[in-house]
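So you can see what is in the structure, the chains are spelled out below.
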Amino acid sequence: MSQRTLVLLKPDTVRRGLIGEVVGRIERKAGWSITALELRTLDRGTLEQHYAEHVGRPFYEPLMDFMASGPAVALVVEGERVVEGVRALAGPTDPIAAAPGSIRGDFGTIVRENLIHASDSEESAEREIKIFFPGLA
Ligand code: GDP
Ligand code: MG
């Protein structure tokens, strides 16, 4: 079941020099490929669309500020069960609860600054890919 997913390497990943580390883990999964990749500082409008489901939550405004605080990397990854697979590589939202071996578990301590976003379903992936890569079919 080949799928595609939208991944963001959050500004903490870029600031800390971990782009290669995180992209490398995705690249090394057999058969997956990166089909779009861009370094970009995200604007408020893009982030409002992306995080629409979280409007009104207490963490929403600090999350928006953090996500706009420096360049991020947006990528599209395609391959076998890639939606579930990248979520598994990332680990759960809270990096302290995330198992060692996962990206968040290995590198994170703060819930907001948890290194990576990955679409949570095929429907979310298609919605999010349109936001970040509107030219992609
Ligand atoms: P994800 O799908 O694992 O990224 O988690 P969510 O969709 O629930 O939340 C989106 C992002 O908001 C997370 O990745 C965190 O950066 C941040 N976040 C979520 N829950 C909390 C929280 O309880 N506190 C804080 N400070 N940030 C949160
Ligand atoms: Mg989410």
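Here the structure is a predicted model, which means the values were calculated and not measured.

Here is what the cut-offs are and how they apply
Residues numbered from 1 in each chain as written. Chains lettered and ligands numbered in written order. Predicted model: local features only at pLDDT ≥ 70, side-chain atom pairs only at ≥ 80, totals over all residues. Heavy atoms only, no water. Near = heavy atom within 4 Å. Polar contact = N/O pair within 3.5 Å; in protein donor to acceptor, adjacent residues only side chain to side chain. Areas by Shrake-Rupley, 256 points an atom, 1.4 Å probe, with all protein chains shown as cover. Buried < 20%, exposed > 50% of the residue type's maximum accessible area, 1.4 Å probe, protein only. Helix = DSSP H or I, 4+ residues; strand = E, 2+ residues; numbered from the N terminus. Pairing = 2+ DSSP bridges. UniProt positions renumbered as here; feature names shortened; annotations may be inferred. Salt bridge = Lys/Arg side-chain N within 4 Å of Asp/Glu carboxyl O.

**What to know about the site of ligand 1**
Stage number 1. Taken together, Lys 10, Tyr 51, His 54, Phe 59, Leu 63, Arg 87, Thr 93, Arg 104, Val 111, Arg 112 and Asn 114 make up the full set of residues near ligand 1.
Stage number 2. Contact between ligand 1 and Arg 104: an oxygen atom at 3.1 Å from a side-chain N or O atom of the residue.
Stage number 3. One of the backbone N or O atoms of Val 111 is found 3.5 Å from an oxygen atom in ligand 1.
Stage number 4. A total of 540 Å² of accessible area belongs to ligand 1 in isolation, and the protein chains cover 75% of it.

**Focus on the pairing of strand E1 (residues 2-9)**
Stage number 1. Within E1, 7 of the 8 residues are buried, which leaves it mostly tucked inside the rest of the structure.
Stage number 2. Pairing geometry for E1 and strand E3 (residues 72-80), over 8 bridges, is antiparallel. Note on E3: the bridge partner recorded for Leu 9 is Val 73.
Stage number 3. One ladder, built from 3 bridges, connects E1 with strand E4 (residues 116-118); its direction is antiparallel. Looking across to E4, one finds that Leu 8 is bridged to His 117.

**Re the UniProt feature "domain: Nucleoside diphosphate kinase-like" (unreviewed entry) in the protein**
Stage number 1. Per the UniProt record, "domain: Nucleoside diphosphate kinase-like" (unreviewed entry) is found at residues 2-136.
Stage number 2. A distance of 17 Å separates the end C-alpha atoms of residues 2-136, which is 40% helix and 21% strand.

**A short note on the pattern of salt bridges**
Stage number 1. Across all of its chains, the model carries 7 salt bridges by this definition.
Stage number 2. For the salt bridge of Glu 21 with Arg 25, the shortest nitrogen-to-oxygen distance reads 3.0 Å. Of this pair, Glu 21 and Arg 25 both sit in helix H2 (residues 19-27), 4 residues apart, which is roughly one turn of that helix.
Stage number 3. Exposure remark for Glu 21: the relative accessible area of 32% places this residue in the partly exposed category.
Stage number 4. In this structure, the salt-bridge partner of Arg 25 is Asp 106, at a minimum N-O distance of 2.9 Å. Of the two residues, Arg 25 sits in helix H2 while Asp 106 sits in helix H6 (residues 103-107), which places them 81 residues apart along the sequence.
Stage number 5. Judged by relative accessible area, which is 17%, Arg 25 ranks as buried.
Stage number 6. In this structure Asp 106 comes out as partly exposed when scored by relative accessible area, which is 35%.

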